Amino acid sequence: MARKSRYKRYLTATMPDGYVKTIGPTADPFTHYWRIVAELANGKTEVFWGHTRSLAEARKLKGAAGDGARQRGWASYRFEIAELVESDTAPEG
């Protein structure tokens, strides 16, 4: 028997600095958005991001971020997690 697919919706995360990220339309069961803002040794900034199906899954990535920082020689980094808010319509903008 085929699994019934969920309806498509938009998922929006608002980060502590006010940055807003929207994912969608999607039927995937994502619940959290994560972001790493890495300050490089040369003064530049790189941003890595993704989404997960649980808060626990997102928190596990924090340890990997520390390993990545050491391997890549980042001067510093911020690891942030935000809950995704579901809506049926696309955001304006």
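Thresholds applied
Residues numbered from 1 in each chain as written. Predicted model: local features only at pLDDT ≥ 70, side-chain atom pairs only at ≥ 80, totals over all residues. Heavy atoms only, no water. Buried < 20%, exposed > 50% of the residue type's maximum accessible area, 1.4 Å probe, protein only. Helix = DSSP H or I, 4+ residues; strand = E, 2+ residues; numbered from the N terminus. Pairing = 2+ DSSP bridges. Axes fitted to C-alpha atoms, helices over the stretch in contact; angles between N-to-C directions. Contact = heavy atoms within 4.5 Å.

### Comments concerning the pairing of strand β3 (residues 32-39)
Most of β3 sits inside the fold, with 7 of its 8 residues counted as buried. Where β3 folds back on strand β4 (residues 45-52), the antiparallel hairpin that results is connected by 5 residues, among which G43 adopts a positive phi of roughly 90°. Where β3 meets strand β5 (residues 76-83), 8 bridges bridge the pair, whose relative direction is antiparallel. Bridged to R35 within β5 is E80.

### A word on the sheet that holds β4
Read from one edge to the other, the open sheet built from 3 strands follows the order β4-β3-β5, with strand pairing classed as antiparallel. Taken across any chain shown, the strands that pair with only one partner, and hence form the sheet edges, are β4 and β5. Across the sheet, the mean angle separating the axes of adjacent strands is 15° when strand polarity is ignored. On top of the sheet, helix α1 (residues 55-72) reaches β3, β4 and β5; it is set at about 170° to β5, its chief contact.

### A look at the pairing of β4
The pairing of β3 with β4 spans 8 bridges and is antiparallel. What sits directly across from Y33, in β4, is H51.

### Observations concerning the sheet that holds strand β1 (residues 9-14)
Here we have 3 strands laid out as an open sheet, ordered β2-β1-β6, and antiparallel in their pairing. In this open sheet, the two edge strands, each paired with only one partner strand, are β2 (20-26) and β6 (85-87). Ignoring which end each strand starts from, the neighbouring axes of this sheet average 25° apart. Bridging between β1 and β2 involves 5 bridges; their strand directions are antiparallel. Across the sheet, the residue bridging to L11 is I23, located in β2.

### Some remarks on the environment of F48
Mapping F48 onto the fold places it in strand β4. Spatially, the C-alpha atom of F48 lies 26 Å from that of T89, the residues being 41 residues apart in sequence. Other than its neighbours up to four places away in sequence, F48 contacts W34, R35, I36, A38 and W74.

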